[in-house]
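# Geometric and topological summary
Residue strings, one per chain:
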Amino acid sequence: MHAATKQHDFEPKIVAFVCTWCTYAGADLAGTSRMQYPPNVRVLKFPCTGRIDPVFILRAFQKGADGVLVSGCHPGDCHYMAGNFHARRRFAAFRALLDFVGVDLNRLQFSWVSAAEGGKWVDVVTELTERVRTMGPMPEFKELEHEEQWSGAINTPELKEAYDSIG
Amino acid sequence: MNAKANKNQVTCIEPDYYQAITEAIRKEAVKILKDETVVGVVGYLPGRRKGTASPALVTTVEEAEKLIFSPACVNNLSVYLTKAKKGVLKQGKVGIVAKGCDMRALAGLMTESQLQREDLFIIGVVCPGVYGFGVERTGTLTEANIARKCRECTVHMPEGADVAAGTHAELADLTPEEAQEMARIEAMPQAERWAFWKEHFSRCIRCMACRQVCPFCYCEQCLCDKNRPQAVESSPRPAGNMAWHLVRAMHLAGRCGGCAECERVCPMDIPLNLLNRRMAQELKELYDFEAGLTPVDKGPLNQYKEDDDQSFIK
Ligand code: SF4
Ligand code: SF4
Ligand code: SF4
């Protein structure tokens with residue numbers, strides 16, 4: 001039986017970048033096994049986690065994602081031998097960079113989900129969705145999208161005066 | 001040592017010392033051009049205005065006798081070998097004047113197979129430091145006008161060069177301004193860090209000077225210029241700027257030699273080297289990698305170990 005669907009004030013948008021060989025198959029298994037997981041997640045399929053460029057994550061945030069998941073094969077199981085090993089180093093570095101510029105890393109999740117782990121997929125997606133739900137929408141990148149150049153505050157009295165005189 | 005103690009002590013480098021380096025560079029450059037070891041030497045010639053210097057490729061003995069080294073020799077010349085004067089390497093071995101921090105770039109370019117050691121004759125400079133930007137160029141290098149990177153330099157000795165010009169370059173301890181700034185940012189609450197970088201990045205005019213000057217930005221087509229599909233918005237707006245800066249820092253992670261040229265050329269005074277440093281620090285902590293004076297087999301993001309840290313992955 002389905003649990004009754006709960007109404008929430010905020011439905012986060014979650015983007016999942018997954019590899020086709022493991023996590024996508026794992027998500028598929030969850031589906032064919034009729035497991036329930038939040039429909040907030042939009043799955044994008046890639047050949048390998050090694051193909052998932054950090055710029056994709058940035059773009060997802062800019063275009064309105066509140067949380068991002070990157071998931072692929074367990075270490076040693078990569079279809080291309082080492083794609084996920086390279087991705088692991090790259091994302092470790094990328095996390096440090098995002099943290100340094102002030103992005104909350106709780107909105108970004110990495111995981112290994114194999115083709116047999118439909119249950120783990122459900123857990124990972126549910127946990128991220130609920131965590132992001134409690135955090136609320138992610139305004140930072142979206143705000144940037146709507147800002148124009150020189151968006152810095154008018155921080156000197158002279159500038160303020162000149163600005164106000166424009167009327 | 002604290003800043004106060006520094007102030008009381010007169011820290012300056014005698015102009016004579018730069019003269020001695022100049023002599024040594026000239027002697028060596030003339031020699032290798034005469035005996036045809038090299039087809040040319042990339043070095044510094046006096047600039048048109050007094051107290052300036054400009055990079056040049058010299059191919060004759062007469063020109064070589066005009067080469068100089070002074071605190072105004074700020075440029076990292078290795079960029080000439082991957083960009084502007086790329087063709088010269090096809091004609092034979094090239095001499096290059098390199099400070100310690102420039103040699104890190106040369107080593108990195110060798111790691112990436114962009115340069116071959118045997119194609120270069122490196123005239124290393126035992127470097128006491130160069131001018132910072134936006135400072136008064138008084139003719140003497142003092143604590144007031146030395147570049148930020150030079151305050152924390154660990155490569156005064158250009159080890160591994162073919163010859164070294166100069167003898168000693170010990171400066172009394174200087175305040176590590178950049179490290180202090182790093183610590184200040186790291187200590188900020190997250191939202192404040194975002195505001196700090198947002199303000200800086202929003203000013204960027206996307207002139208791409210930082211890319212142009214970087215020896216490692218040698219891609220024929222930059223991801224950030226691509227239109228179909230467009231990965232990073234190319235107009236100077238806050239959204240694209242943020243993406244550009246994160247992509248730049250990411251693409252240089254594990255490669256950047258820390259010459260701080262990107263920061264020097266930025267017309268909007270964006271502290272780019274802080275991002276470079278943050279990445280370098282992370283790669284040191286995680287993978288024990290540090291940009292050094294000798295080439296390595298592979299950079300830290302081009303290799304992996306099976307037991308790399310994955311505590312952040314579920
Ligand atoms: S960082 Fe070191 S080698 Fe580079 S210019 Fe400064 S003192 Fe010279
Ligand atoms: S990123 Fe900046 S500091 Fe690093 S090598 Fe390039 S120009 Fe030098
Ligand atoms: S040099 Fe400065 S203003 Fe120009 S693109 Fe680089 S960061 Fe932006």
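As shown above, the structure is provided for reference.
Analysis parameters
- Residues numbered from 1 in each chain as written.
- Chains lettered and ligands numbered in written order.
- Predicted model: local features only at pLDDT ≥ 70, side-chain atom pairs only at ≥ 80, totals over all residues.
- Heavy atoms only, no water.
- Near = heavy atom within 4 Å.
- Nonpolar A, V, L, I, M, F, W, Y, C, P; charged D, E, K, R; others polar.
- Salt bridge = Lys/Arg side-chain N within 4 Å of Asp/Glu carboxyl O.
- Helix = DSSP H or I, 4+ residues; strand = E, 2+ residues; numbered from the N terminus.
- Buried < 20%, exposed > 50% of the residue type's maximum accessible area, 1.4 Å probe, protein only.
- Pairing = 2+ DSSP bridges.
- Axes fitted to C-alpha atoms, helices over the stretch in contact; angles between N-to-C directions.
- Parallel < 35°, antiparallel > 145°, perpendicular 65-115°, else oblique.
- Contact = heavy atoms within 4.5 Å.
- Buried area = accessible area lost by both parts, 1.4 Å probe.
- Polar contact = N/O pair within 3.5 Å; in protein donor to acceptor, adjacent residues only side chain to side chain.
- Phe/Tyr/Trp six-rings, centres within 6.5 Å; stacked < 30°, edge-to-face > 60°.
- Core = buried A, V, L, I, M, F, W, Y, C linked by side-chain atoms within 4.5 Å.

## Regarding the site of ligand 2
By nearness alone, 13 residues border ligand 2, and B:Cys214, B:Cys256, B:Cys259, B:Ala260 and B:Cys262 come closest of all. Of the residues assigned to the shell around ligand 2, the class counts are seven nonpolar, four polar and two charged.

## Considerations on the pattern of salt bridges
Residue and element names in this part refer to chain B. Under the defined criterion, the tally for this structure stands at 31 salt bridges over all chains. In this structure, the salt-bridge partner of Glu 112 is Arg 255, at a minimum N-O distance of 2.8 Å. Taken as a pair, Glu 112 in the loop between helix H5 (100-111) and strand S5 (120-125) and Arg 255 in the loop between helix H10 (238-252) and helix H11 (261-265) lie far apart in primary sequence, 143 residues in all. Note on Arg 255: relative accessible area 21%, which makes it partly exposed. Between Arg 211 and Asp 225 there is a salt bridge, with its nearest N and O atoms 3.1 Å apart. Of the two residues, Arg 211 is situated in helix H9 (residues 209-213) and Asp 225 in the loop between H9 and H10; the sequence distance between them amounts to 14 residues. Take Arg 211: its relative accessible area is 14%, and that puts it in the buried class. In this structure, a network of salt bridges that share partners links the residues Arg 148, Glu 152, Glu 178, Glu 263 and Arg 277.

## Thoughts on the pairing of strand S2 (residues 40-46) of chain B
Residue and element names in this part refer to chain B. Buried residues dominate S2, accounting for six of its seven residues. As paired strands, S2 and strand S4 (residues 94-98) are joined by three bridges and run parallel to one another. Residue pairing across strands places Val 41 opposite Gly 95, the latter belonging to S4. Relative to strand S3 (residues 53-58), S2 runs antiparallel, the two being bridged by six bridges. Looking at the pairing, Tyr 44 lines up with Pro 55 of S3. Between S2 and S3, which follow one another and run antiparallel, lie six residues, and Gly 51 among them has a positive phi close to 80°.

## Re the packing of helix H7 (residues 177-187) of chain B against helix H8 (residues 190-203) of chain B
Residue and element names in this part refer to chain B. Where H7 meets H8, the closest approach of the two axes is 8 Å, and the angle between their N-to-C directions is 125°. The orientation of H7 with respect to H8, classified from their angle, is oblique. Within the contact between the two elements, H7 uses Glu 181, Arg 184, Ile 185 and Glu 186 and H8 uses Arg 193, Phe 196 and Trp 197. Broken down by class, the residue content of the contact of H7 with H8 amounts to three nonpolar, no polar and four charged.

## What to know about the interface of chain A and chain B
Contacts between the two partners involve 45 residues from chain A and, on the opposite side, 51 residues from chain B. Taken together, the two surfaces of chain A and chain B that pack against each other cover about 4300 Å², and 62% of this comes from carbon and sulfur. Ranking the residues of chain A by area buried against chain B places A:Arg88, A:Arg89 and A:Phe100 at the top, with a combined share of 22%. At the boundary of chain A and chain B, one finds five salt bridges. Two residues, A:Arg89 and B:Asp308, come together in a salt bridge whose shortest N-O distance is 2.8 Å. If you look at where chain A meets chain B, you find 19 residue pairs in polar contact (both at pLDDT 80 or more). Those elements that provide at least two residues to the side of chain A that touches chain B are helix H2 (54-62), helix H3 (83-100), strand S4 (108-112), helix H4 (118-135) and helix H5 (140-146) of chain A. Tallying contributions element by element places H3(A) first for the side of chain A that touches chain B, with 15 residues.

## A word on the packing of aromatic side chains
Under the counting rule described, the total for this entry stands at 16 aromatic pairs over all chains. Measuring from centroid to centroid gives 4.6 Å for A:Phe85 and B:Tyr304, while their planes differ by 5°, and the two rings are stacked. Separated into two different chains, A:Phe85 in helix H3 and B:Tyr304 in the segment after helix H12 (272-287) make up a pair that spans both. Owing to a relative accessible area of 4%, A:Phe85 belongs among the buried residues under this scheme. Looking at B:Tyr304, the relative accessible area reads 30%, which means it is partly exposed.

## Brief notes about the nonpolar core
Membership of the largest hydrophobic core comes to 65 residues, with the highest contact counts inside it found for A:Phe17, A:Ile57, A:Val68, A:Phe91, A:Phe141 and B:Trp197. What A:Ile57 contacts, discounting residues up to four positions off in sequence, is A:Phe17, A:Val68, A:Val70, A:Phe91, A:Phe94 and A:Leu108. Formed by 60 residues, the second largest nonpolar core is a distinct cluster that contains B:Tyr17, B:Ile68, B:Ala98 and B:Leu106.

## Description of the side chain of B:Asp308
Looking at the element boundaries, B:Asp308 is found in the segment after H12. Among the polar contacts made by the side chain of B:Asp308, one reaches the main-chain amide nitrogen of B:Lys305 at a distance of 3.0 Å. Those residues in contact with B:Asp308 that sit more than four places away from it in its chain are A:Arg88, A:Arg89 and B:Tyr287.

## Looking at the environment of B:Asn145
Residues and elements named next belong to chain B. In this structure, Asn 145 sits in the loop between strand S6 (141-142) and helix H6 (148-151). We classify Asn 145 as buried; its relative accessible area is 3%. The sequence separation of Asn 145 and Tyr 131 amounts to 14 residues, and the corresponding C-alpha distance is 5.6 Å. Look past the residues within four positions of Asn 145 in its chain and what remains in contact with it is Val 130, Tyr 131, Gly 132, Val 135, Glu 136, Thr 138 and Thr 140. A polar side-chain atom of Asn 145 sits 3.2 Å from the main-chain carbonyl oxygen of Thr 140. Looking at Asn 145, its side chain comes within polar contact range of the main-chain nitrogen of Thr 142, at 2.8 Å.

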